Amino acid sequence: MRGWWREIAGLVLPVACGGCGRPRTELCPECAEELTGTGPCRVRPEPEPAGLPAVHAAAPYAGAVREVLLAHKERGALALAGPLGGALAGAVEAAAGAVAGPGGGPLLLVPVPSSRRSVRARGHDPTRRIALAAAARLRRTGRDARVAPVLRQRRYVADQAGLGARGRLANLSGALEVVPGGARLLTVGSTTGNAAGRTAGPAAGTVVLVDDLMTTGASLAEAARALGAVRLSFISEIPHGLPAVSAQHGFEQRAAAVIASSPASFEINRNSSRSWIVAGGER
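Thresholds, definitions, all that
- Residues numbered from 1 in each chain as written.
- Predicted model: local features only at pLDDT ≥ 70, side-chain atom pairs only at ≥ 80, totals over all residues.
- Heavy atoms only, no water.
- Helix = DSSP H or I, 4+ residues; strand = E, 2+ residues; numbered from the N terminus.
- Buried < 20%, exposed > 50% of the residue type's maximum accessible area, 1.4 Å probe, protein only.
- Contact = heavy atoms within 4.5 Å.
- Areas by Shrake-Rupley, 256 points an atom, 1.4 Å probe, with all protein chains shown as cover.
- Salt bridge = Lys/Arg side-chain N within 4 Å of Asp/Glu carboxyl O.
- Pairing = 2+ DSSP bridges.

Draft legend 1. Structural detail: the overall build of the protein chain. If you tally the helices and strands in the protein chain, you get 11 helices and 10 strands. Relative to its 283 residues, the protein chain shows a buried fraction of 42%. Restricting the contact set of the protein chain to residue pairs at least 6 apart, pairs at least 24 apart contribute 73%. In the form shown here, the protein chain has an accessible surface area of approximately 14200 Å², with 56% of it arising from carbon and sulfur atoms.

See below:
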């Protein structure tokens, strides 16, 4: 009920830009530009947690980007899910393209789950809402994209605010799991044909973990661990006689995308690139 009330209230109450507060607009052109203007790129937290997949972010977590994310997540500005989803869609395409190449298989967006108490307190699940908006944006551009909310928290997790990198890793270690039957949702059901017209099993999809924000990378690393564990279990259950490609490539999980990441993670990315060039990696 709380989420519905916020949506209805947004239709009748005065609105202001979620980024700068400009009246009579949900998001002004300048703040919208900050969400997507620089384009998505690879980001790396420091220190980088073990198991973290390659992460692409749309923008640094600062200024208007920070305000827009907080307005959507904490202040119920649900209409901002559209532009935030557009920013996430760009990061998803960059992440998927880096591992599967442009125009690859279906994209399966797996949101990092919020706790039930957070969803109740906010009246909505912000990451899932943005993921749905991102998938819709990708489909409008011709990409086969869908949201697969297969992760859940399996135990109590303390509030991450105030915790450093080590504290967040310890807090989240082993905290996520795939819901029963979730692995099946990650196996793309479409089939491909060969020259003889026979099907070759499920097409390989690219699973992209998605979140609104990356700080230390602990949440994404734990989500990747949970997906990796169930993938091994799921492969062992595939009956004999199915094509080997189905067992090995029902889905691939090697990428993550977020709307925003800390400004330092963008600097580390640029510094790493410069070091590689100086060392002779590029001529």
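Still more to cover.
Draft legend 2. How the structure looks around the pattern of salt bridges. Within this structure, the stated rule accounts for eight salt bridges. Lysine 73 is the partner of aspartate 212 in a salt bridge, and the nearest nitrogen-oxygen pair spans 2.8 Å. Of this pair, aspartate 212 sits in strand S9 (residues 205-214) while lysine 73 sits in helix H3 (residues 63-74); the two residues are 139 residues apart in sequence, bridging distant segments of the chain. Here glutamate 222 makes a salt bridge to arginine 225, at a shortest N to O gap of 2.7 Å. Of the two residues, glutamate 222 and arginine 225 both sit in helix H9 (residues 218-237), three residues apart, roughly one turn of that helix.

Draft legend 3. Spatial organisation of the pairing of strand S2 (residues 54-60). Of all seven residues that make up S2, six are buried, and the element is covered over most of its length. In terms of strand pairing, strand S1 (residues 41-43) meets S2 through three bridges, oriented antiparallel. Residue pairing in the sheet places cysteine 41 in a bridge with alanine 57 of S2.

Draft legend 4. Representation of unusual backbone geometry. Residues glutamate 46 and proline 47 are joined by a peptide bond in cis, for which omega reads 5°. Take proline 47: it is sitting in the loop between S1 and S2.

Draft legend 5. Representation of the pairing of strand S3 (residues 107-111) in the model. Extensive coverage of S3 is indicated by the burial of five of its five residues. The two faces of S3 match: Leu107, Leu109 and Pro111 on one face and Leu108 and Val110 on the other face are all buried. The pairing of S3 with strand S4 (residues 145-147) spans three bridges and is classified as parallel. The residue of S4 that forms the bridge with leucine 108 is arginine 146. Here S3 pairs with S9 via five bridges, running parallel. The partner of proline 111 across the bridge, within S9, is valine 210.

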